[in-house]
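# Topology and contacts: notes
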Amino acid sequence: MRKPLVMGNWKLNGTKQTVKELIGAFAEAANKAGDKIEVAICSPAVFIPLVEGAAAGSKLQYGSEDCDIHTQGAYTGENSPTQFKEFGCKYAIVGHSERRGYHKESNEYVAQKFKSAQDNGLIPVLCIGESESEFEQKKTMDICKAELKAVIDLCGIAAFEKAVIAYEPIWAIGTGKTATPEIAQDVHHQIREYLKSFDAAVADKVQILYGGSCNAKTAPELFGQPDIDGGLIGGASLKVADFTSIIETAAKL
Ligand code: 13P
């Protein structure tokens, strides 16, 4: 059985005070949920040392929202996977659509980030998903497959034994237009089938999270789908009541 994972992605949000208020509450909720699920927060890099302190001794895990392909060197403004690892990060999100879009990160470049994170002891959380026009043109699986294939080509299918996939339809991110449980389940199932064509055991084991306006209201039905193993939560991970409720939903599965 795959363990449900509830992960928050704070994006470019938060203050020192946010870290204090939210991490304490989420650590408590994660402890209460016990070993049935995993809970993690990915915060802006600048907050990670504070998150490390606030989460210490709890079951709450944490990670970065991105990472560079290099471990060190003259790359102004970047953060390396080894640096994140030193501060206790477990996960690194790679290939979020906001980075693919605003920073023009190609599938091949995202694959390099995936590899760099994994080679340096982090669990990459690979975000994939289509835009609204691609959805309308029924290109969802073409996009998802190409985004997955770039990683398979560089790292091999076995790399997904120690990775997480997050299906995040771009049209659902921050729009309040959550994918219906039927649409999300169908895509998750097809993603798993695609991975199965390379290695059935890996496909069966890999956690596939749903992201895109997933909140306290929509999480129960989404998480109830057989191929949805939890969520990557944006806006609702900045609210104590909402994210705590999502954690409780996953713990009941
Ligand atoms: P929202 O939950 O705010 O739609 O964001 C989803 C997301 O992009 C998580 O990575």
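Residues numbered from 1 in each chain as written. Predicted model: local features only at pLDDT ≥ 70, side-chain atom pairs only at ≥ 80, totals over all residues. Heavy atoms only, no water.

Within the structure, the ligand sits among N9, K11, H96, E168, A172, I173, G174, G212, S213, L232, G234 and G235. Measuring from an oxygen atom of the ligand, one finds a side-chain N or O atom of E168 at 2.9 Å. In this structure, an oxygen atom belonging to the ligand sits 2.9 Å away from a main-chain N or O atom of G235. Protein burial of the ligand: of its 310 Å² of free accessible surface, 94% is covered by the chains. When its residues are assigned to classes, the shell around the ligand shows three nonpolar, seven polar and two charged. (Near = heavy atom within 4 Å. Polar contact = N/O pair within 3.5 Å; in protein donor to acceptor, adjacent residues only side chain to side chain. Areas by Shrake-Rupley, 256 points an atom, 1.4 Å probe, with all protein chains shown as cover. Nonpolar A, V, L, I, M, F, W, Y, C, P; charged D, E, K, R; others polar.)

Here we take up the side chain of E38. If you trace the backbone, E38 turns up in strand β2 (residues 38-43). With relative accessibility at 15%, the residue E38 sits in the buried group. Apart from the residues within four sequence positions on either side, E38 is in contact with K3, P4, L5, V6, Q61, K90 and Y91. (Helix = DSSP H or I, 4+ residues; strand = E, 2+ residues; numbered from the N terminus. Buried < 20%, exposed > 50% of the residue type's maximum accessible area, 1.4 Å probe, protein only. Contact = heavy atoms within 4.5 Å.)

This brings us to the pairing of β2. Of all six residues in β2, six are buried; the element is thus mostly enclosed. Burial along β2 is two-sided: the face carrying E38, A40 and C42 and the face carrying V39, I41 and S43 are both buried. On the question of chirality, the crossover connecting strand β1 (residues 5-9) to the parallel β2 by way of helix α1 (residues 16-33) is right-handed. With four bridges joining them, β2 and strand β3 (residues 61-64) adopt parallel strand pairing. Looking across to β3, one finds that A40 is bridged to Q61. (Right-handed = clockwise from strand over helix to strand, strands pointing away. Pairing = 2+ DSSP bridges.)

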